[in-house]
Amino acid sequence: MAGTLQFDLVSPERRLASLAATEVQIPGAEGDMGVMEGHAPVITTLRPGILRATSAEGVKSYVVSGGFAEITGANISVLAEQAVPLEEMTPAIMDQMVADATLAAAVNPDRDATDKVVADLLAMRAAAGQ
Amino acid sequence: MPSLKTLKNRIASVKNTRKITKAMQMVAAAKLRRAQDAAVAARPYAERMGAVVASLAASVGNREGAPRLLVGNGADKVQLVVVMTSERGLCGGFNSTIVRMARARVQVLQAQGKTIKILTVGKKGRDQMKRDYGQYFVGHIDLTEVKRVGYVNAQNIARDILARFTQNECDVVTLFYNRFQSVIAQIPTALQIIPAQFTGAATGTVYDYEPDEGAILADLLPRAVATQVFTALLENAASEQGARMSAMDNATRNAGDMINKLTIQYNRSRQAAITKELIEIISGAEAL
């Protein structure tokens, strides 16, 4: 049995999760990554996607809309712009996220980056089964 | 000397006022609790964000091509003053203290020959600033319809500010809001958000960065601005309720004092009327 690492998921409005996880899968900007105890210290940005935390109680999934993660050997803190537990996810929230991102994409000069966010969101919607 | 009837009416009206202020105080107390909880819940995010950006800024900040949000655009000619106040009155000196501070700052900046632009958040501040500085207004953000400030509101404000900055409409952005210390003490605070100033301690751990530091920093800085705006909004909301609570507490107490005073006056004049009547009867009887 591998050791555990402290997993914190915070959104600007509240702390969503704080638990001892054996493995956390995060949607990094440059590809998904699985983080276990003793991982090298990394700071990475996140793309919209699904985050999975495996702990003694099972697997918890969250939909995150972007943000960043700070990983040290014993901790992983995910600071998500918006995060919703997968089971509470509704098509309405999903549509809202896509609408927000599209709105932001319309005014942002960096079209590539924002278009990618929208595309990531749509892919995430497919992955979430909605 | 007012008549007995008017005194009685007066007492009844002050009693009604006391009931209202008492109710407002209780509502403010409940809202304050919620606002404080929201501020506490938002703290971990803001702290982490501050710490990470600070350590990134320390390593990237002095390099060539550092993000403009961090180092500024090399000028401080155009100053954007963001005045954050409440949407409703009856909260004591809450709005006035912010406006007074902002006004003092504007005067100092004007004396230095800077160009002033004012963005207001909240109706009360707009009304008060308009009197003297109406011509500098560049925008107003209305939160009247918002029951509880959420991150979305902060994002909107931040988007507005960032758009102005990227279009070179302003060089320095400063937020004015009340920091919540306790129910009786709210501290008017000026926070410069662009160019960013972070005072988090660097953690000392050497991190790998994915993508590279510069890209992360460029991604995080706008979020950090939104986070700072959000923190200011929450602090302001808590301060507003705190200020309202103590103002209404005072008002309730004053109304109580006034009722006591009026009641004494009422009793005196009633007694005087009785005495007068008695004298009239007695002197009437003697005259017979």
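Please refer to the structure higher up on the page.
Residues numbered from 1 in each chain as written. Chains lettered and ligands numbered in written order. Predicted model: local features only at pLDDT ≥ 70, side-chain atom pairs only at ≥ 80, totals over all residues. Heavy atoms only, no water.

To continue, consider the packing of aromatic side chains. Residue and element names in this part refer to chain B. Taken as a whole and judged by the stated rule, the model has three aromatic pairs over all chains. Both rings, one in tyrosine 45 and one in tyrosine 151, keep their centres 6.5 Å apart while their planes meet at 70°; by these two values the pair is edge-to-face. With tyrosine 45 in helix H1 (residues 4-60) and tyrosine 151 in helix H5 (residues 151-166), the pair connects residues that are 106 residues apart, well separated along the chain. Look at tyrosine 45 and you get buried, because its relative accessible area is 1%. Judged by centre distance (5.4 Å) and plane angle (85°), the ring pair of tyrosine 151 and phenylalanine 230 falls under edge-to-face. Here tyrosine 151 is found in helix H5, whereas its partner phenylalanine 230 is found in helix H6 (residues 213-287), with 79 residues between them in sequence. A relative accessible area of 4% means that tyrosine 151 is categorised as buried. Counting every residue linked through ring pairs, the aromatic cluster contains Tyr45, Tyr151 and Phe230. (Phe/Tyr/Trp six-rings, centres within 6.5 Å; stacked < 30°, edge-to-face > 60°. Helix = DSSP H or I, 4+ residues; strand = E, 2+ residues; numbered from the N terminus. Buried < 20%, exposed > 50% of the residue type's maximum accessible area, 1.4 Å probe, protein only.)

All names here are of chain B. On the surface, Ile274, Leu278, Ile281 and Ile282 cluster together into a nonpolar patch covering about 370 Å² of accessible area. Relative to the helices and strands, leucine 278 resides in helix H6. On the accessibility criterion, leucine 278 (47% relative accessible area) is partly exposed. (Patch = residues over 30% accessible without salt bridge, like charges linked within 9 Å, V, L, I, M, F, W, Y side chains within 5 Å. Areas by Shrake-Rupley, 256 points an atom, 1.4 Å probe, with all protein chains shown as cover. Salt bridge = Lys/Arg side-chain N within 4 Å of Asp/Glu carboxyl O.)

All right, on to the interface of chain B and chain A then. Contacts between the two partners involve 25 residues from chain B and, on the opposite side, 25 residues from chain A. Summing the contributions of chain B and of chain A, the shared interface buries around 2300 Å²; its carbon and sulfur component is 62%. Three residues stand out in chain B for area buried against chain A, namely Tyr45, Tyr207 and Glu210 of chain B, and they jointly supply 29% of the buried area on that side. Between chain B and chain A we count two salt bridges in total. The residue arginine 223 of chain B makes a salt bridge to glutamate 81 of chain A at a minimum N-O spacing of 3.5 Å. Here chain B and chain A share seven residue pairs in polar contact (both at pLDDT 80 or more) between them. For the side of chain B that touches chain A, the secondary structure elements donating two or more residues are H1, H5, strand E6 (208-210) and H6 of chain B. Among the residues forming the side of chain B that touches chain A, the class breakdown is 16 nonpolar, three polar and six charged. Sheet topology note: the strand E4 (residues 42-46) of chain A/E6 of chain B ladder contains three bridges and is parallel. Bridge pairing in E6 of chain B links isoleucine 43 of chain A to tyrosine 209 of chain B. (Contact = heavy atoms within 4.5 Å. Buried area = accessible area lost by both parts, 1.4 Å probe. Polar contact = N/O pair within 3.5 Å; in protein donor to acceptor, adjacent residues only side chain to side chain. Nonpolar A, V, L, I, M, F, W, Y, C, P; charged D, E, K, R; others polar. Pairing = 2+ DSSP bridges.)

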